[in-house]
Amino acid sequence: MSMSAARPAEDEQPVQAYDVVVVGAGFAGMYMLHRLRGLGLSARVFEQGSGVGGTWYWNRYPGARCDIESMQYSYSFSDDLQQEWDWSERYAPQPEILAYANHVADRFDLRSDIQFDTRVERAEFDERANTWKVATSDGKAVTAKFVVLATGCLSNARMPDIEGLDRFKGKVYHTGEWPHEPIDFSGQRVAVIGTGSSAIQAVPVIAEQAKRLTVFQRTANFSVPAQNGPLSAERRDWFRKNYPDVRRFAREVSRNGIYTTQPDRSALDDGDNERRARYESGWQHGGVVFMAVYNDVLLNKAANDTAADFVRGKIAEIVKDPAKAKLLQPDSHPIGTKRICVDTGYFATFNLPNVELVDIRDNPIEAITENAVRVAGKDYEADALVLATGFDAMTGSVAKIDIVGRERQTLNGKWAEGPRTYLGLMTAGFPNLFIITGPGSPSVLSNMIVSIEQHVDWIADCLVHMRDKGLATIEATKQAEDKWVEHVNEVAHNTLYPQANSWYMGANIPGKPRIFMPYIGGVPVYRQKCDEVAANGYEGFAMAAAAQRQTAAAS
Ligand code: FAD
Ligand code: NAP
């Protein structure tokens, strides 16, 4: 896509100059704006959607909800906020999370600095002025000393390359770009393509409405029950009372930013009965913490097999037709190496008479016709198509912006072989450009609000430091970045994660380099590293006052 139309002409004066431009008004962009305001910095947030909430603004598919408990998947920066907001269920549904995002925007009066319905199309660093020129889809441009990419890790919906998709006469929906009006599938034949977290949430709800539901499965996925239900007043009060400890634990102790028990033993330490009992208790508790029953499930294949076998056994118990159960039992990747899914009644849905499962592992979808999905010469007729085909994750939304750094280097050019960052926060050659939960940080491997708050606070502290010291630029040095990238890869390859064709690896996007993108060292280790870097005068970053020419960054 050409960005040249939105580029400001050389002699055109930018209309407005800000301290900071923030791209995106999801949980990251909203909190960033709040902190910038508190520092007295001028800021403009650009959001391509018409409202706040990011993920929760776009993903309105039936059954969408968080899979980390809402009492934890929520901001911690304001005690008043966490004490006053009432979640109705253990895992809140999408409309409630979106209502929460809107409440935060109102409560902290954020909207006046957010420009909605506006895409950032291009950002170019002016080395003489040490400012970024930011061009937007309304044909305007602004300047900013700093740009913060709060563009989201799962915000660039991936349309599958299936022949004939544009020929389909019925309605086509992508889970990540769901319409705003309610969709009623009653009486319809619905085809769902994909069996990741989005499909696993949507399928049971669509099955309740649709006359016929056909699910096209390429890779069977591991899923554990959410054990969702109304949030009891006792549990809510317990969290409210214990928030200081809960939040501290999530930041400083828990590897994934979730308050839960820390596993202290290997899956191979227990005999069969004891192990089954522990997995059963994790299953009954529900949610992603199932993966934390033992400490080596993601490190040791033999340990992993015990958890995978347990879940495969559960699927065989739930799904009555043994042939269907077999198809639904994942066998192509270790459990957890693709994001573990959390469901409400997913496997049991395949016992319903109106639900069909079509295995497309060995027979990919040949084509989509005007009224059907064709597999192995057979047409599965449908009135509506639901694409639950995921996202160009972690880098997709950044790549859609034409970002030009020092010496006119483009970020897409620099990242052609995979993303390279220092701490996931900055990338060498692109001064004053921060990324929230970028590749190279724990990000999608964690409770993301914990990681978002950590990054926003780190960036805010950095900006204060720069202001106090009269510094104009900060950028990652190439040496620090190279060392960090090496470390991120090394840690990832000590785990089972790289064994799966997952979106963590970029494997869901044809041609995307296969790099394990998030940092798997754990939330506390990572936080400590970021804090140490700051305490040591922003070690690994080159900082300069306005008049100084940066040399360290280039060396
Ligand atoms: P987003 O919420 O993705 O917001 C980014 C915003 O940037 C978007 O609104 C987008 O429109 C905007 N944007 C992007 N590019 C541009 C541009 N060029 N110009 C202008 N605007 C732009 N994480 C968890 O920890 N727990 C969960 O339970 C959980 N559930 C999830 C469920 C779903 C269905 C999905 C898709 C993700 C889930 N996640 C979950 C991950 C989730 O993305 C994060 O938790 C969090 O919401 C991300 O917030 P963000 O602000 O970083 O990004
Ligand atoms: P996803 O995990 O990437 O799943 C996409 C699915 O579509 C996969 O089953 C994939 O099969 C399939 N697919 C893609 N292209 C296809 C094609 N051409 N033909 C057939 N099948 C195709 O995407 P997602 O389900 O949207 O989830 C993405 C992430 O968002 C999650 O991992 C999670 O982090 C987050 N999320 C969380 C929740 C939650 O519970 N809170 C809900 C939704 C999303 P292959 O596996 O074979 O590639």
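In this report, the structure presented in the accompanying data block is examined. Source: prediction; values computed, not measured. (Residues numbered from 1 in each chain as written. Chains lettered and ligands numbered in written order. Predicted model: local features only at pLDDT ≥ 70, side-chain atom pairs only at ≥ 80, totals over all residues. Heavy atoms only, no water.)

**Looking at the sheet that holds strand 13 (residues 365-368)**
Consideration 1: The strand order across the open sheet formed by 3 strands is 13-14-15, and the pairing between neighbours is antiparallel. Each edge of the sheet is formed by a strand with only one pairing partner; in this case those strands are strand 13 and strand 15 (378-381). Between one strand axis and the next, the sheet turns by 25° as a mean value, whatever way the strands run.
Consideration 2: Sheet topology places strand 13 next to strand 14 (residues 372-375); 3 bridges connect them, and they run antiparallel. (Pairing = 2+ DSSP bridges. Helix = DSSP H or I, 4+ residues; strand = E, 2+ residues; numbered from the N terminus. Axes fitted to C-alpha atoms, helices over the stretch in contact; angles between N-to-C directions.)

**Topic: the site of ligand 1**
Consideration 1: With respect to spatial proximity, 32 residues lie near ligand 1, and among them Glu47, Thr55, Asp67, Tyr73 and Met448 are the closest.
Consideration 2: Between an oxygen atom of ligand 1 and a main-chain N or O atom of Phe27, the distance comes to 3.1 Å.
Consideration 3: Between an oxygen atom of ligand 1 and a side-chain N or O atom of Tyr73, the distance comes to 2.5 Å.
Consideration 4: It is helix 2 (residues 55-58) that contributes the most residues to the shell around ligand 1, 3 residues altogether.
Consideration 5: Classifying every residue of the shell around ligand 1 gives 17 nonpolar, 12 polar and 3 charged. (Near = heavy atom within 4 Å. Polar contact = N/O pair within 3.5 Å; in protein donor to acceptor, adjacent residues only side chain to side chain. Nonpolar A, V, L, I, M, F, W, Y, C, P; charged D, E, K, R; others polar.)

**Observations regarding a negative patch on the surface**
Consideration 1: Together, Asp461, Asp531, Glu532 and Glu539 make up a region of like negative charge exposed at the surface.
Consideration 2: Inspection of the secondary structure puts Asp531 in helix 15 (residues 523-535). (Patch = residues over 30% accessible without salt bridge, like charges linked within 9 Å, V, L, I, M, F, W, Y side chains within 5 Å. Areas by Shrake-Rupley, 256 points an atom, 1.4 Å probe, with all protein chains shown as cover. Salt bridge = Lys/Arg side-chain N within 4 Å of Asp/Glu carboxyl O. Lys, Arg positive; Asp, Glu negative; His and termini not counted. Charge placed at Lys NZ, Arg CZ, Asp CG, Glu CD.)

**Digging into the nonpolar core**
Consideration 1: Phe27, Phe290, Ile335, Phe434, Trp458, Ile474 and Phe541 are the most contacted members of the largest nonpolar core, which totals 138 residues.
Consideration 2: Looking at this core element by element, the count peaks at 10 residues for helix 13 (residues 448-469).
Consideration 3: Two domains each provide a minimum of three residues to this core, namely domain 1 (16-156 + 393-472 + 521-540) and domain 2 (189-387).
Consideration 4: Those residues within four positions of Ile335 in sequence are excluded, and the remaining contacts are Phe222, Phe290, Met291, Val297, Leu298, Asn304, Ala307, Ala308, Val311 and Ile340. (Core = buried A, V, L, I, M, F, W, Y, C linked by side-chain atoms within 4.5 Å. Buried < 20%, exposed > 50% of the residue type's maximum accessible area, 1.4 Å probe, protein only. Domains from an automatic or database assignment. Contact = heavy atoms within 4.5 Å.)

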